[in-house]
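Inside the fold
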Amino acid sequence: MKTYEYVSHHPEDTLALAMKLARYVQPKDVITLEGDLGAGKTTFTKGLAKGLGIDRNVNSPTFTIIKHYEGRLPLYHMDVYRLDESEEDLGFDEYFFGDGVTVVEWAHLIEPYLPSERLHITIHHADGENRIIRFSPIGERYKQLCKEIFSDESVSH
Ligand code: ADP
Ligand code: MG
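Because the structure is a prediction, the values reported are computed rather than measured. (Residues numbered from 1 in each chain as written. Chains lettered and ligands numbered in written order. Predicted model: local features only at pLDDT ≥ 70, side-chain atom pairs only at ≥ 80, totals over all residues. Heavy atoms only, no water.)

Let us look at the site of ligand 1. Taken together, 16 residues form the shell around ligand 1, and within it Thr14, Gly38, Lys41, Thr43 and Glu129 come nearest. Within the contact set of ligand 1, a nitrogen atom lies 2.9 Å away from a side-chain nitrogen or oxygen of Ser8. A distance of 3.2 Å separates a nitrogen atom of ligand 1 from a polar backbone atom of His10. Protein coverage of the free-state accessible area of ligand 1, which is 570 Å², stands at 74%. (Near = heavy atom within 4 Å. Polar contact = N/O pair within 3.5 Å; in protein donor to acceptor, adjacent residues only side chain to side chain. Areas by Shrake-Rupley, 256 points an atom, 1.4 Å probe, with all protein chains shown as cover.)

In structure tokens:
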């Protein structure tokens, strides 16, 4: 599988990359985010929200598993950290196949419910504020999306 790597040196780089992605997303797009606590999954989601024209502050949903924001497209932000793998389906499909874009932090915890095609993103802590952000597109739609994003000169590596 072809993957795309981006090195972020500051939170602002991560926000900018996500804002860039926001320009290309369409209804029913699903983005899954993996990475340790503090890697930058929520920071990435904030950038996506900003890029979709959402003014509300996006933070990790502590008690709510799913938050819904209205922007150019609706954004469904899920953080499933508190679900364990035995948890039942919470009606995820309503979001995945809804009118908006879904972002899932800790997506592997709901692996059986994830759509087979999605943009999988992993964020690794490197030293200091450096983060390695890897896009792994699963399915034709997301391969195309990555090609568009990473062929653009405004994404630096
Ligand atoms: P997660 O949702 O993965 O637990 P958060 O986005 O909530 O992580 O937190 C990431 C923390 O790391 C924030 O405090 C952010 O300011 C900081 N940070 C430092 N460098 C970066 C970077 N390059 N990209 C993203 N976040 C960074
Ligand atoms: Mg988070």
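With respect to the secondary-structure elements, Asp13 resides in helix H1 (residues 11-22). Along the primary structure Asp13 and Pro27 are separated by 14 residues, whereas in three dimensions their C-alpha atoms are 25 Å apart. Other than its neighbours up to four places away in sequence, Asp13 contacts Tyr6 and Ser8. A polar atom in the side chain of Asp13 sits 2.7 Å from the backbone nitrogen of His9. (Helix = DSSP H or I, 4+ residues; strand = E, 2+ residues; numbered from the N terminus. Contact = heavy atoms within 4.5 Å.)

Our next topic: the pairing of strand S1 (residues 4-8). Here S1 shows one buried face, formed by Tyr4, Tyr6 and Ser8, and one open face, formed by Glu5 and Val7. By the bridge criterion, five bridges tie S1 to strand S7 (residues 131-138) in an arrangement that is antiparallel. Bridge pairing links Glu5 to Arg134 in S7. (Buried < 20%, exposed > 50% of the residue type's maximum accessible area, 1.4 Å probe, protein only. Pairing = 2+ DSSP bridges.)

The way to describe two aromatic rings as a pair is by their centre distance and the angle between their planes. Enumeration over the complete set of coordinates arrives at seven aromatic pairs. Relative to Tyr95, the ring of Tyr76 lies with its centre 5.1 Å away and its plane at 75 degrees, an arrangement referred to as edge-to-face. You can see Tyr76 sitting in strand S4 (residues 74-79) and its partner Tyr95 sitting in helix H3 (residues 92-96), a full 19 residues away along the chain. Using a relative accessible area of 7% as the deciding quantity, one classes Tyr76 as buried. (Phe/Tyr/Trp six-rings, centres within 6.5 Å; stacked < 30°, edge-to-face > 60°.)

A word on the packing of H1 against helix H2 (residues 41-51). Interhelical geometry of H1 versus H2 gives an angle of 45 degrees and a closest axis separation of 7 Å. The orientation of H1 with respect to H2, classified from their angle, is oblique. Of the two elements, H1 crosses H2, and the hand of that crossing is right-handed. Residues Pro11, Thr14, Leu15, Leu17, Ala18, Met19, Leu21 and Ala22 of H1 touch H2, and the partners they reach there are Thr43, Phe44, Lys46, Gly47, Leu48, Lys50 and Gly51. For the contact of H1 with H2, the class distribution of residues is nine nonpolar, four polar and two charged. (Axes fitted to C-alpha atoms, helices over the stretch in contact; angles between N-to-C directions. Parallel < 35°, antiparallel > 145°, perpendicular 65-115°, else oblique. Left-handed = near helix turned anticlockwise from the far one by under 90°. Nonpolar A, V, L, I, M, F, W, Y, C, P; charged D, E, K, R; others polar.)

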